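Residue-level structural notes
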Amino acid sequence: MVYITFSRNIFIPVTNVCRNECGYCAFRARSCEDAYVISKQEVLNVLQNKGAATEALFSAGEKPELAYTDLASFFKTRLSLSGAQSFSLVRYTKELCRLAIKHGLLPHCNLGLLSRDELMELRDVNASMGLMLETTAGLRLEAHKRSPGKDPFLRVQMIEEAGKLEIPFTTGILVGIGEDKEDRIRSLDAIESLHEQYEHIQEVIIQPFVPKQSTTMCEVEQPGFEEMKETVRIARRILHDEIAIQVPPNLTSPKELIELGASDLGGISELTIDYINPESPWPRERELASKIAPFELRERLPIYSRYIEKGWYSEEIRPVIEKFIKSTGSLYR
Ligand code: SF4
């Protein structure tokens, strides 16, 4: 039997303030009027209604401290109002991760580019972490011209640091942002060679670009399904067997991609929305199961079993992992 995995999560957008200006992004704040920083109370409200979730996914704009002046000041003011101990996204998110752990959830942070010190700061309060490589084509693409953080050299460097620090890791590529097939192959090759060296990649997301109103790429066409199929096929050929290929079930039709080698559907939530793609609701679990039949859906944790076996987690999250192992021994990939 081939199992297709997913994680039951709650999605917590820490802030939409970002120093980058990616051409396809509708998530980032354009001004202080549409900017936010989630408060601890708002996080607690979500955590108290976590239901059967096992994962707290923390996502944020990249380096909000370096956004243009008004937005950076907004970010710092909001942090201080929220009772944060410092003006740093990483330190504040660490406090939020601890709240999630206290509520029995395993955090997974994707905060954009982080330094080695910042990864070390977050490592003990995360079951796994993530950063989309997106593409090695990087800053030559119009989509990334105003996004210094999308420099592929820096992104590969961070994924490498995560490997050195033995952090189970999720990465992925974006399909259709101006890159071509050769770029995709180069991006997947880069991920594979990082895994070859550090064995830390859990899954690689193959994510289609979706045009959004109010972005400079709103008129650009979404990649066709044949392009998605071809990319999944190539990814399965390039990536090591133990790396799962993830396709987002709210952005693409998963069954045919599963037939070509995808085996994970990522995090889905019954409680929170996909804040990056709010116009695309996640299917309910039952709906998802019927969409992919006869493949069978199986829940997993945000840390894969091989990393639990290797002990790639901290004492701080050990009780949560042990609780899940005790309650449902079959949760693990
Ligand atoms: S895609 Fe991410 S890095 Fe780019 S502008 Fe949006 S939030 Fe920032």
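Our subject is the structure that appears above.
A few points on the structure. In this text, all values refer to a predicted model and were calculated from it rather than measured experimentally. (Residues numbered from 1 in each chain as written. Predicted model: local features only at pLDDT ≥ 70, side-chain atom pairs only at ≥ 80, totals over all residues.)

Attention now goes to the overall build of the chain. Counting its regular elements, the chain contains 11 helices and nine strands. Here the chain has a C-alpha radius of gyration of 19 Å; the compact-globule value for 333 residues is 20 Å, and the two agree. With the C-alpha coordinates aligned to their principal axes, the bounding extent of the chain is approximately 50 × 50 × 40 Å. Taking all 333 residues of the chain together, the buried fraction comes to 46%. (Helix = DSSP H or I, 4+ residues; strand = E, 2+ residues; numbered from the N terminus. Rg over C-alpha atoms; globule rule 2.2 N^0.38 Å. Buried ≥ 20, exposed ≤ 12 C-beta atoms within 10 Å, placed from the backbone.)

For helix H5 (residues 152–164), spanning 13 residues, the distance from its first C-alpha to its last is 18 Å, which sits close to the expected 18 Å at 1.5 Å a residue. What H5 keeps buried is the set Pro152, Arg155, Val156, Met158, Ile159 and Ala162. Projection of H5 onto a plane perpendicular to its axis shows the buried side chains occupying an angular sector of 160°, all on one side. Seen from the buried face of H5, the exposed residues on the opposite side, beyond 90 degrees, are Phe153 and Lys164. Among the structural elements, helix H4 (116–123), strand S4 (128–130), strand S5 (169–175) and helix H6 (181–198) are those in contact with the buried residues of H5. At the exit of H5 stands Glu166, carrying a positive phi of roughly 55°. (Expected span 1.5 Å × (residues − 1). Arc of directions from axis to C-beta. Contact = placed C-beta atoms within 7 Å.)

With that settled, consider unusual backbone geometry. Residue Pro294 follows Ala293 across a cis peptide bond; omega there is 10°. Of note, Glu166 is a non-glycine position whose phi angle comes to about 55°, a positive value. Inspection of the secondary structure puts Glu166 in the loop between H5 and S5.

The nonpolar side chains of a soluble globular protein tend to be buried, and buried together. Ranked by size, the top nonpolar core spans 90 residues in total, and within it Ile12, Phe58, Val204, Ile206 and Ile245 carry the most contacts. Setting aside residues no more than four positions away along its own chain, Phe58 makes contact with Ile12, Val14, Thr93, Leu96, Cys97, Pro107 and Cys109. (Core = buried A, V, L, I, M, F, W, Y, C linked by C-beta atoms within 7 Å.)

This next bit is on the environment of Phe153. By secondary structure assignment, the location of Phe153 is in helix H5. For the pair Phe153 and Thr69, spaced 84 residues apart in sequence, the C-alpha to C-alpha distance is 26 Å.

For the rest of this paragraph, the subject is helix H3 (residues 89–102). Taking 1.5 Å of rise per residue, 14 residues should cover 20 Å, and H3 covers 20 Å from first to last C-alpha, within 8% of that figure. At the C-terminal side of H3, Gly104 shows a positive phi close to 80°.

The next subject is the environment of Glu287. Mapping Glu287 onto the fold places it in helix H9 (residues 285–292). Taking C-alpha positions, Glu287 is 16 Å from Tyr3, a pair spaced 284 residues apart along the chain.

The interhelical angle for the contact between helix H1 (residues 40–47) and H3, taken along N-to-C directions, is 25°, at an axis separation of 10 Å. In terms of axis orientation, H1 runs roughly parallel to H3. For the crossing formed where H1 meets H3, the hand is right-handed. Residues Lys40, Val43, Leu44 and Leu47 of H1 pack against Leu96, Leu99 and Ala100 of H3. Taken together, the residues of the contact of H1 with H3 sort by class into six nonpolar, no polar and one charged. (Axes fitted to C-alpha atoms, helices over the stretch in contact; angles between N-to-C directions. Parallel < 35°, antiparallel > 145°, perpendicular 65-115°, else oblique. Left-handed = near helix turned anticlockwise from the far one by under 90°. Nonpolar A, V, L, I, M, F, W, Y, C, P; charged D, E, K, R; others polar.)

This part covers the pairing of strand S6 (residues 201–208). For S6, the buried fraction is high: seven of the eight residues fall into the buried class. Here S5 pairs with S6 via seven bridges, running parallel. Note on S6: the bridge partner recorded for Val175 is Pro208. Regarding topology, H6 serves as the crossover connection from S5 to the parallel S6, and that connection is right-handed. Of the strand pairs in this sheet, S6 and strand S7 (residues 244–246) are connected by three bridges, and their pairing is parallel. Looking across to S7, one finds that Glu203 is bridged to Ala244. What joins S6 to S7 is helix H7 (residues 225–238), and the crossover it makes is right-handed. (Pairing = 2+ DSSP bridges. Right-handed = clockwise from strand over helix to strand, strands pointing away.)

What follows is about the pairing of strand S1 (residues 3–15). A large share of S1 lies buried, amounting to 11 of its 13 residues. Bridge count for S1 against strand S9 (residues 296–299) is four bridges, and the pairing is parallel. For Thr5, the partnering residue across the bridge sits in S9 and is Arg298. Inspection of the sheet shows S1 paired to strand S8 (residues 264–268) by three bridges, in the parallel sense. Bridging across to S8, Ser7 finds its partner in Gly267. Tracing the backbone out of S1, into H1 and back to the parallel element strand S2 (residues 55–60) gives a crossover that is right-handed.

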